[in-house]
Each structure stands twice: as C-alpha cells, then as structure tokens.
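Each chain, written out:
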Amino acid sequence: MKFSDLNINRSLLNALDDMGLETPTSIQAKVFSEVMSGKDLAGIAKTGTGKTLAYLLPLLRMWNFSKEKLPQIVILVPTRELVVQVQEVAKKLASYISFDTVGVYGGVNIKPQIIELQNGCDLLVATPGRFIDLAAAGVLKVKNIKKMVLDEFDTMLDLGFRPQLEQIFDKVPEKRQNLLFSATVTEDIEALLQDYFKSPLIIEDDSMSTPHQNINQRAYILPNFGTKINLLEVLLSNDPEMTKNLVFVSEKSKADVLLGELQNRGIESVDIIHSNKSQNYRFNAINRFSEGETRTLIATDIGSRGLDIPQISHVVNMDLTDQPEDYIHRIGRTGRASQSGKALSLITEKEAGTLNQIEELLDYKIAKVDLPKHLEISDQIFDFEKEYVPVKYIKLKTQKPEGEAFHEKLEKNKKINVRRNIEKENQKKYGKAYKKEIKPS
C-alpha cells in the first residue's frame with residue numbers, strides 16, 4: 001500500500017512527497033480509515049512506527065477551514081521536546097494548505113504563547129499543565145475543539161499527568177473525537193478509556209512484540225558498573241561506526257556518574273538529559289545531538305521518551321529496567337525509516353533474568369558477545385551498586401526490679417511539690433496574717 005491508495009487529498013500527498021514518504025507504516029495504514037470514521041480510538045505501537053503521522057494525516061484530511069481561527073484540534077504530549085517535534089511535522093504536512101499550528105509548554109515565559117494564541121490557530125500542541133494555565137486565564141478558547149489527541153500517554157502517566165488530564169476533559173466540549181496513542185497498554189490506560197472514551201476501538205500494531213529486523217542486537221555480560229564504563233570507553237574509542245550514540249541508564253544518579261567518568265577519561269562530545277535538567281538544557285542538548293554536534297547522548301527513560309532523532313547508529317543499554325517493554329522503546333530509537341542500527345546491552349549476572357524476559361517478549365534470542373581481551377575488569381563499587389541492608393531496630397524491654405530492696409513508696413512519701421501561701425497558713429493558724437519582720441542592717 002502507498003499513501004496514494006488512502007483517501008488523502010492532493011495537498012497532503014504533495015507534502016508527503018516533499019518529506020520523501022511514499023509508503024505508510026503498519027499503524028498508519030490501520031488507523032487512517034478508523035480515525036476518518038469519527039470513532040474514538042486507541043493506537044498501540046512501539047516507538048519508531050510513525051504514530052505522529054498516524055493521527056495527523058486523517059485529522060488534517062478531515063479539517064475544515066474556519067474564519068474564527070480557534071483550535072479545532074488539540075494534541076497533548078508530555079514534554080516540551082515532543083511539542084516541538086509534533087508541531088514541526090504538522091507544519092510540514094500543512095505546507096500546501098492555510099493551516100496554522102501553535103505549540104505551548106511550561107517552563108518558559110507564557111506571554112509570547114498568549115500572543116500566538118490570540119493571533120489564532122487551527123491546531124494546538126500542548127503539555128497538559130500549560131493548556132490548563134492558558135484556559136484558566138481565558139486566553140485559550142476551547143469551544144471549537146472537535147478532536148482531542150493524547151500522544152505518548154504511557155509517558156504522561158509516568159510523569160503524573162493524570163489529574164491534569166481529568167481537568168482538561170472537564171473543560172473541553174463533550175462532543176468530540178478522542179484519540180490515544182501509546183507504546184504500551186496498562187490498567188491506567190484501560191481505566192481512562194472506560195471513563196472518557198465512547199466505545200473506543202483499540203488497534204495494536206502487528207510488530208509490537210517483535211524486534212526490529214534491521215537492528216543488530218547484542219549483549220555483553222560484565223561483573224559491575226565500573227567494568228561497563230570501561231567497555232563503553234573501549235567501544236567509543238575504537239569503533240568508527242559509533243557515530244551517533246544514545247546511551248540509556250535507568251537512574252539519574254547513574255547517568256551523572258557515567259558522564260563524569262567519560263569526561264574524566266577524555267571521551268569528548270558527550271552530553272546528558274534527564275528530568276533534573278532544565279527544559280532549556282534538555283532542549284539544547286537534544287538539538288546538538290540531532291544536528292550531529294554531539295556524538296553521544298546519555299539519557300534516562302523518562303528524559304528521552306518520545307524523542308524522534310534521525311540516524312542514531314547505536315543504542316547502548318548501560319543497564320536494563322524492570323519492565324521488558326522499556327527495552328523495545330529504547331532500541332526503537334535506532335533502525336528507523338528502514339535504516340540499519342545496532343543495540344548493545346551491557347548487563348550483569350543479576351540482570352540476566354530481565355534479559356530472558358525481554359527475549360520471551362520479543363520471541364528472539366539476543367546474541368551474547370565475548371568481552372574484548374584487553375578490557376580492564378574494575379573492582380570499583382559505586383554507591384548505587386551496594387545492596388541496602390535495613391538495620392532492624394530492637395526495642396529493649398525494661399525489666400521491673402524484684403525483691404525486698406525494691407518496693408512501692410508509702411503514701412506519705414509520695415510527695416507532690418505544691419507552692420505554699422504562708423500568709424493564708426498563718427491566718428488559719430493564728431487568726432491573723434503574720435509576716436516575719438526584716439530588720440534593717
């Protein structure tokens with residue numbers, strides 16, 4: 001199937017030609033006619049399968065021009081980076097039509113975004129918090145909203161956006177089409193579909209549980225994190241094919257340690273993103289990596305969710321998370337658009353069980369690779385590798401003394417300190433107040 005086989009008008013086909021796209025991905029082909037039918041829908045597809053185009057194409061095909069220039073389509077995404085990416089794709093698709101897009105997100109001055117909204121738009125791409133801020137200020141008019149899209153919904157839940165989404169659902173018109181796109185299906189997603197969607201159709205991509213055929217997957221078994229750093233240093237220093245590398249770690253503390261170690265060892269062109277970094281820092285780091293100014297980017301799963309960075313040559317897993325599905329999200333950053341890519345996993349014996357779960361999910365055996373002979377095995381143990389042993393608090397029992405030497409006090413000896421009034425006592429005893437005379441010295 002080609003895009004020309006779908007019910008797409010000439011202006012959108014011209015835009016797709018300019019983008020060099022001819023053939024829809026599986027999820028794009030599956031959801032197009034269903035979205036066009038006006039049904040509520042949940043599209044489940046892994047990273048790199050083209051979810052953004054999957055909802056933008058039918059939404060722009062259905063869009064009708066309005067002089068009011070109030071947003072008819074709202075796309076909610078979890079991060080600033082995703083706002084920018086979705087907005088860029090929407091602008092490319094709308095190259096041949098009079099269609100205006102505005103992107104808004106938190107962490108920056110709201111005034112320029114207010115001016116953009118006041119100038120009017122047809123599509124609004126927003127993070128949930130900034131949507132609420134603008135609606136509460138009366139700047140964002142929601143009465144014309146006909147289509148609501150939740151993109152990267154699993155990430156929104158990870159970031160705690162559920163309360164904001166419920167507020168938004170209460171604000172927007174009840175008569176609308178709801179679309180949800182996610183890489184996974186969870187109980188929270190099912191609950192939201194039940195509460196806010198009308199008889200939603202769930203469409204799952206066929207390749208959800210299969211590895212990318214054009215990604216070479218390998219695993220190294222190492223004793224500790226220090227040796228993992230040594231191996232990464234060897235690979236970055238000696239493999240000329242590692243031109244654009246996305247390195248994943250499960251925790252921010254590990255990411256910071258890894259960056260510091262690589263910089264101390266003279267590995268150049270390395271940057272980092274995670275949720276403790278400011279939005280401006282993350283945005284600039286991603287731009288530098290996308291443009292090829294930075295060779296290696298260290299990231300956590302939350303910090304990098306939803307990124308669409310072209311031509312990543314290698315994904316390196318410095319560790320594995322407890323969720324095997326995260327492995328699919330990670331390796332999906334490479335091997336995009338029919339290009340080849342490599343995914344390297346650096347794991348310890350403790351992570352072997354998680355690797356087995358990943359292989360079962362993928363129905364695919366990941367090749368185990370021998371370590372380089374000259375690799376130095378580290379004996380350094382970082383704080384996050386040390387097993388936490390809780391100290392059991394033991395409450396000492398106080399034993400009541402026994403025997404003749406210990407006994408309860410007699411009543412007369414159980415004295416209580418009471419402040420005395422001598423004048424009242426003398427009045428009662430002598431019939432008059434008696435004060436002791438103090439003779440002058």
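Quick look at the structure, then. (Residues numbered from 1 in each chain as written. Predicted model: local features only at pLDDT ≥ 70, side-chain atom pairs only at ≥ 80, totals over all residues. Heavy atoms only, no water.)

Moving on, we come to the overall build of the protein chain. What the protein chain contains, in helices and strands, is 16 helices and 14 strands. Among the 441 residues that make up the protein chain, the fraction classed as buried is 49%. Long-range contacts, defined as pairs at least 24 residues apart, comprise 75% of the intrachain contacts of the protein chain with a sequence gap of at least 6. Entry remark: accessible area of the protein chain is about 24000 Å², with carbon and sulfur atoms responsible for 48%. (Helix = DSSP H or I, 4+ residues; strand = E, 2+ residues; numbered from the N terminus. Buried < 20%, exposed > 50% of the residue type's maximum accessible area, 1.4 Å probe, protein only. Contact = heavy atoms within 4.5 Å. Areas by Shrake-Rupley, 256 points an atom, 1.4 Å probe, with all protein chains shown as cover.)

Moving on, we come to the packing of helix H8 (residues 162-171) against helix H9 (residues 187-196). The interhelical angle for the contact between H8 and H9, taken along N-to-C directions, is 15°, at an axis separation of 12 Å. The angle between the axes of H8 and H9 places the two elements in the roughly parallel class. Both H8 and H9 take part in a crossing whose hand is right-handed. Residues Arg162, Glu166 and Phe169 of H8 form the contact with H9, whose own contacting residues are Asp188, Leu192, Asp195 and Tyr196. Per-class residue counts for the contact of H8 with H9 are 3 nonpolar, no polar and 4 charged. (Axes fitted to C-alpha atoms, helices over the stretch in contact; angles between N-to-C directions. Parallel < 35°, antiparallel > 145°, perpendicular 65-115°, else oblique. Left-handed = near helix turned anticlockwise from the far one by under 90°. Nonpolar A, V, L, I, M, F, W, Y, C, P; charged D, E, K, R; others polar.)

Moving on, we get to the packing of helix H14 (residues 324-331) against helix H15 (residues 352-362). Following both chains from N to C, one finds H14 and H15 inclined at 70°, their axes separated by 8 Å at the closest point. By the angle between their axes, H14 is roughly perpendicular relative to H15. Where H14 approaches H15, its residues Pro324, Glu325, Tyr327 and Ile328 are matched on the opposing element by Gln357, Ile358, Leu361 and Leu362. Within the contact of H14 with H15, the residues separate by chemical class into 6 nonpolar, 1 polar and 1 charged.

With that settled, consider the sheet that holds strand E12 (residues 314-317). With respect to topology, 7 strands assemble into an open sheet ordered E10-E11-E9-E12-E13-E8-E14, the strand pairing being parallel. Edge strands, defined here as strands with exactly one partner in the open sheet, are strand E10 (270-273) and strand E14 (367-368). By the bridge criterion, 4 bridges tie strand E9 (residues 245-248) to E12 in an arrangement that is parallel. Residue pairing in the sheet places Leu246 in a bridge with Val315 of E12. Against the sheet, helix H11 (residues 252-264) contacts E9, E10 and strand E11 (296-299), and its axis sits at roughly 170° relative to E10. (Pairing = 2+ DSSP bridges.)

Okay, the pattern of salt bridges next. What the rule picks out here adds up to 19 salt bridges. Where Glu68 meets Lys143, a salt bridge forms, and the shortest distance between an N and an O atom there is 3.7 Å. Residue Glu68 is located in the loop between helix H3 (51-62) and strand E2 (73-76), and its partner Lys143 is located in the loop between helix H6 (128-136) and strand E5 (147-150); the two are separated by 75 residues in the primary sequence. Residue Glu68 is classed as partly exposed on the basis of its relative accessible area, which comes to 47%. (Salt bridge = Lys/Arg side-chain N within 4 Å of Asp/Glu carboxyl O.)

A separate point is H11. Helix length check: H11, at 13 residues, gives a terminal C-alpha distance of 18 Å against a target of 18 Å (1.5 Å per residue), a fit within 8%. The complete set of buried residues in H11 reads Lys254, Ala255, Leu258, Leu259, Glu261 and Leu262. Down the axis, H11 shows its buried residues gathered within 165° of arc, on one side only. Of the surrounding secondary structure, the elements contacted by the buried residues of H11 are helix H10 (225-238), E9, E10 and E11. (Expected span 1.5 Å × (residues − 1). Arc of directions from axis to C-beta.)

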